[in-house]
Amino acid sequence: MSHPKLKVDRTIHGAVLLAALVPAFADAQAVSADANPNAWRYSLSVYGYLPNFGGQFEAPTSPGGPNLAFNAGQVADTQKFSFSGSFGVHNGRWGAFSDVLYLNLAGDKPYSRDFSLGSGPIPLNSAADLSVGLKGSVWTLGGEYRVISEPVLTLDLLAGARMFAMQPTMRWNVLGDAGSLQPVGRVGGTSGTETQWDGIFGLKGRYAMGSNGRWSLPFYFDAGTGQSHLTYQAAAGVSYSYSSIELTAMWRYLSYDMKSGGPVDNLRFNGPMVGATVRW
């Protein structure tokens, strides 16, 4: 079975991701002066994430036949299931975190003309029933070291690894005039898998606002490479802390540029997330 090729060229609204607000994003919090700086501290976070997602699927219709391609943003608009969780641990200036993000998107578009066959335009009386599915997970695991620990500003350097796994699928049924498409290729489907491991480096922190320090501006950035050409993500927002609970609203951007030869070329997530963090 041939593999689809995923290229990002436009954006689509994905689904709500019930997820964990990554400790790498939101757990950089100044320790009070009367606290034990060498005590073990833990954090667990959950959030909702509403990203924009864009991509184009492309696959051969038959051996030697033209490629059929369509923009996933014009087809996939349904969330089937999503989950994410994260956990962080700190002792003094040192810390570690783990975050898993999972999504499952799917959609159908009957009698669509939003596709292409080969390099030329489709015939005027051509249409297709299209469907697309996209399962994916991103797992980030890293350690961190605090270089600035002040009541107003904290800043951590981080290093670790990120795993990216995705299973795109596509189905089509070409109706009407199919041009150079052979009958065997009018109805078909394909799926593929892609898993990438990359090393990442970055920083995270927060800037406290007000005299009581309950309001703050968290920020995060990482970038890396390995089995992909480049991966990076950034997030920034505002948070409010009350006792051991913190509420956070941020904007998160995640990008992947993959090496050639696989079913995925590149991938982008871009959107708001809102959630809560509990520390003990």
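Given the structure is predicted, the values throughout are model-derived calculations rather than measurements.

**Q** Explanation requested: the environment of Ala 236 in the structure shown.
**A** With respect to the helices, strands and loops of the structure, Ala 236 is situated in strand β16 (residues 228-242). Judged by relative accessible area, which is 43%, Ala 236 ranks as partly exposed. Residues Ala 236 and Lys 204, 32 residues apart in the sequence, show an inter-C-alpha distance of 9.6 Å. Residues in contact with Ala 236, not counting those within four places in the same chain, are Pro 218, Phe 219, Met 250 and Trp 251.

**Q** Sorry if this is basic, but what is going on with the pairing of strand β7 (residues 67-71) here?
**A** Taken residue by residue, a regular strand's side chains alternate between the two faces of the sheet. Buried residues dominate β7, accounting for 4 of its 5 residues. Of the strand pairs in this sheet, strand β6 (residues 56-60) and β7 are connected by 5 bridges, and their pairing is antiparallel. Bridge pairing in β7 links Glu 58 to Ala 69. Between β6 and the antiparallel strand that follows it, β7, lie 6 residues; Gly 64 among them carries a positive phi value of about 80°. Summarising the sheet, β7 and strand β10 (residues 115-117) pair through 3 bridges and their orientation is antiparallel. Its bridge partner lying in β10, Phe 70 is registered against Phe 115.

**Q** What should I look at first to understand the side chain of Arg 279 in this one?
**A** Tracing the sequence through the fold places Arg 279 in strand β18 (residues 266-279). A distance of 2.8 Å separates the side chain of Arg 279 from the side chain of Glu 246, its partner in a polar contact.

**Q** Just to check I follow, could you spell out the nonpolar core for this structure?
**A** A general trend in soluble globular proteins is that nonpolar side chains are found buried together. Within the largest apolar cluster, 40 residues are counted, with the highest numbers of intra-cluster contacts made by Leu 68, Phe 70, Phe 115 and Leu 130. Considering each element in turn, this core owes the most residues, 6 residues, to strand β12 (residues 153-176). The contacts of Leu 68, once residues within four sequence positions are left out, are Phe 57, Glu 58, Ala 59, Thr 61, Phe 115, Ser 116, Leu 117, Leu 130, Met 170, Trp 172 and Val 174.

**Q** How should the pattern of salt bridges be read in this particular structure?
**A** Side-chain pairs of opposite charge can arise whenever the charged atoms involved come near each other. A full pass over the atoms with the stated rule returns 8 salt bridges. Notably, a salt bridge pairs Glu 144 with Lys 204, separated by 3.6 Å at the nearest N-O pair. Here Glu 144, found in strand β11 (residues 126-149), pairs with Lys 204, found in strand β14 (residues 194-209); they are 60 residues apart in sequence, far enough to count as distant. Here Lys 204 falls in the buried class, since its relative accessible area comes to 0%. Measuring nitrogen to oxygen at the nearest pair gives 2.9 Å for the salt bridge that ties Asp 257 to Arg 268. Pair noted here: Asp 257 is in strand β17 (residues 245-258) and Arg 268 is in strand β18, with a separation of 11 residues, a long-range link. Each of the salt bridges in this network shares a partner with another, and the network as a whole consists of Glu 144, Arg 146, Asp 156 and Lys 204.

**Q** What's the story with a nonpolar patch on the surface in this structure? I'm lost.
**A** A contiguous nonpolar patch, built from Leu 44, Phe 87, Ile 245, Leu 247, Val 278 and Trp 280 and spanning about 570 Å² of accessible area, is present on the exposed surface. With respect to the helices and strands, the residue Phe 87 is situated in strand β8 (residues 78-91). Residue classification places Phe 87 among the partly exposed positions, given a relative accessible area of 37%.

**Q** How do you make sense of the confidence of the model for the protein when you look at a structure like this?
**A** Detailed reading of the predicted coordinates is not advisable wherever pLDDT falls low. When pLDDT is averaged across the protein, the result is 81; 84% of the residues are at 70 or more. In the predicted structure, residues 6-23 sits below a pLDDT of 50 and forms 98 contacts with residues beyond four places in sequence or in another chain. This model gives residues 28-34 a pLDDT under 50, and the stretch forms 15 contacts once residues within four places in sequence are excluded.

**Q** Any chance you could explain the environment of Lys 109 here in plain terms?
**A** Within the secondary structure, Lys 109 sits in strand β9 (residues 94-112). As for Lys 109 and Trp 172, which are separated by 63 residues in sequence, their C-alpha atoms are 9.8 Å apart. Other than its neighbours up to four places away in sequence, Lys 109 contacts Gln 74, Val 75, Asp 114, Ala 128, Asp 129 and Leu 130. One polar contact links Lys 109 to Asp 114, side chain to side chain, over a distance of 2.6 Å.

**Q** Mind showing me how you'd approach the side chain of Ser 112 here?
**A** The topology assignment puts Ser 112 in strand β9. Judged by relative accessible area, Ser 112 falls into the buried class, the value being 2%. Looking at Ser 112, its side chain comes within polar contact range of the main-chain nitrogen of Asp 114, at 2.9 Å. The residues touching Ser 112, leaving out its near neighbours within four places in the chain, are Ala 127, Ala 128 and Leu 130.

How each quantity is defined
- Residues numbered from 1 in each chain as written.
- Predicted model: local features only at pLDDT ≥ 70, side-chain atom pairs only at ≥ 80, totals over all residues.
- Heavy atoms only, no water.
- Helix = DSSP H or I, 4+ residues; strand = E, 2+ residues; numbered from the N terminus.
- Buried < 20%, exposed > 50% of the residue type's maximum accessible area, 1.4 Å probe, protein only.
- Contact = heavy atoms within 4.5 Å.
- Pairing = 2+ DSSP bridges.
- Polar contact = N/O pair within 3.5 Å; in protein donor to acceptor, adjacent residues only side chain to side chain.
- Core = buried A, V, L, I, M, F, W, Y, C linked by side-chain atoms within 4.5 Å.
- Salt bridge = Lys/Arg side-chain N within 4 Å of Asp/Glu carboxyl O.
- Patch = residues over 30% accessible without salt bridge, like charges linked within 9 Å, V, L, I, M, F, W, Y side chains within 5 Å.
- Areas by Shrake-Rupley, 256 points an atom, 1.4 Å probe, with all protein chains shown as cover.
- pLDDT = per-residue confidence, 0-100.

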